[in-house]
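Descriptive analysis of the structure
Residue-level listing of the chains:
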Amino acid sequence: MPITSRTALLVIDVQNDFIPGGSLPVLEGERIVPLINQLARQFQQVVIAQDWHPRGHASFASSHPGRQPYDVIQLPYGEQTLWPDHCVQASAGAEFHPELDLPHAQLVIRKGCNPDIDSYSAFLEADRRTTTGLAGYLSERGIDTVYMVGLALDFCVMYTALDARAAGFNAVVVLDACRGIDLDGSLADAIERMQKAGVELIQSTDLI
Ligand code: VGL
Ligand code: ZN
C-alpha cells in the first residue's frame, strides 16, 4: 500500500508504562522509538493514541479484590484481562516516551477513559459500541489507509488494526516498529487474526 496524501500513520501507546521500567513493560519497547521517529517523517498525517485510564479503572487487577494481574474476568461487555495499574491519567507512566519525536502529529486520541470499559482499540471501546471518533476524523480528512506502529502488537495494535479494517480503511502494520506482550500465545494469534482480516503486515525496510 503506497504512502499517499490519503495515508495516515497511527502511533499507538508509546508510553512510559509500556517501556521496561514502567508498570506494564513490553520487552524491548524502547527499541522501536528511533524507528518510529524515522518512519513518521514519511507521513504528512500522524495521529498518536494514548492509553489514558482514570484511577481505579475496571481493567486494573487492583480494582478487583482477590484478583491478580493477568487474570481474566467477566465484565458486562465480556472477558477482560486484568493488568497492573498503568497509564493513569496525568501520571508520569502515561506520558509518551521522552524520545518519541513527532512534532507534526495532529491529533492525540486518548482511550480507556471510561472507568468501566477498557479500550485496546483506538477506534472502538471494549463494549464494541462506544466509538472514540477516530474513524470519523480520518474519513473527514480523506484518509483511506492507516499504517500502524507501537505497543503492544498483540493488544492495542492488533485491535486497532482489526477495527481499522472493519471501519473500511486499508490497514498496514509495520511489524518491526511494534513489540508484543505475548500472553499465552497472544502474539501468534494476533498475527493470524490480522492476516485473516486483510491487514497488510510489512517490515520497515519495505518503507525506508
Ligand atoms: C495495552 C494492555 C492494557 C496496550 C493497553 O497498549 O497494548 N495493553 N492497556
Ligand atoms: Zn490500558
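Further remarks concern the overall build of the chain. A count of helical and extended segments in the chain gives 4 helices and 8 strands. Start at the N end of the chain and walk to the C end: the helices and strands fall as β-α-β-β-β-β-α-β-α-β-α-β. For 208 residues, the compact-globule formula gives about 17 Å, and the C-alpha radius of gyration of the chain, at 16 Å, lands near that figure. The principal-axis extents of the C-alpha atoms in the chain amount to approximately 50 × 35 × 30 Å. In the chain, which comprises 208 residues, the share counted as buried stands at 51%. Restricting to contacts in the chain with at least 6 residues of sequence separation, those with at least 24 account for 75%. Only carbon and sulfur atoms are counted for the fraction: they give 49% of the accessible area of the chain, which is about 9300 Å². Computing the positive centroid from 14 side-chain charges and the negative centroid from 26, the chain places the two 5 Å apart.

In this section: the sheet that holds strand β5 (residues 107–111). The parallel open sheet is built from 6 strands, whose spatial order is β5-β2-β1-β6-β7-β8. Looking at the sheet topology across the chains shown, the edges are occupied by β5 and β8 (200–202). Neighbour to neighbour, the strand axes of the sheet diverge by 25 degrees on average, direction disregarded. Note: strand β1 (residues 7–12) against strand β6 (residues 145–151), 6 bridges, orientation parallel. Bridge pairing in β6 links L10 to M148. Packed onto the sheet, helix α1 (residues 33–40) meets β1, β2 (45–51), β6 and β7 (170–179) and runs at close to 145 degrees relative to β7. The strands touched by helix α3 (residues 153–166) are β1, β5, β6 and β7; relative to β7, the strand with the most contacts, the crossing angle is about 170 degrees.

The next thing to look at is the packing of aromatic side chains. Here the structure, examined in full by the defined rule, presents 7 aromatic pairs. With a centroid separation of 5.8 Å and 85 degrees between ring planes, the pair formed by Y70 and W83 is classed as edge-to-face. Separated by 13 residues along the polypeptide, Y70 in the loop between β2 and β3 (72–75) and W83 in the loop between β4 (78–81) and β5 bring together distant segments of the chain. Each ring, one from W83 and one from Y120, has its centre 6.3 Å from the other, and the planes form 80 degrees; the classification is edge-to-face. Separated by 37 residues along the polypeptide, W83 in the loop between β4 and β5 and Y120 in the loop between β5 and α2 (134–140) bring together distant segments of the chain. The burial state of W83 is the same as that of Y120; both residues are buried. Stacked on the ring of W52, the Lys or Arg R110 has its end atom at 3.7 Å from the ring centre.

What counts, and at which threshold
- Residues numbered from 1 in each chain as written.
- Chains lettered and ligands numbered in written order.
- Predicted model: local features only at pLDDT ≥ 70, side-chain atom pairs only at ≥ 80, totals over all residues.
- Heavy atoms only, no water.
- Helix = DSSP H or I, 4+ residues; strand = E, 2+ residues; numbered from the N terminus.
- Rg over C-alpha atoms; globule rule 2.2 N^0.38 Å.
- Buried < 20%, exposed > 50% of the residue type's maximum accessible area, 1.4 Å probe, protein only.
- Contact = heavy atoms within 4.5 Å.
- Areas by Shrake-Rupley, 256 points an atom, 1.4 Å probe, with all protein chains shown as cover.
- Lys, Arg positive; Asp, Glu negative; His and termini not counted.
- Charge placed at Lys NZ, Arg CZ, Asp CG, Glu CD.
- Pairing = 2+ DSSP bridges.
- Axes fitted to C-alpha atoms, helices over the stretch in contact; angles between N-to-C directions.
- Phe/Tyr/Trp six-rings, centres within 6.5 Å; stacked < 30°, edge-to-face > 60°.
- Lys NZ or Arg CZ within 6 Å of the ring centre and 35° of its normal.

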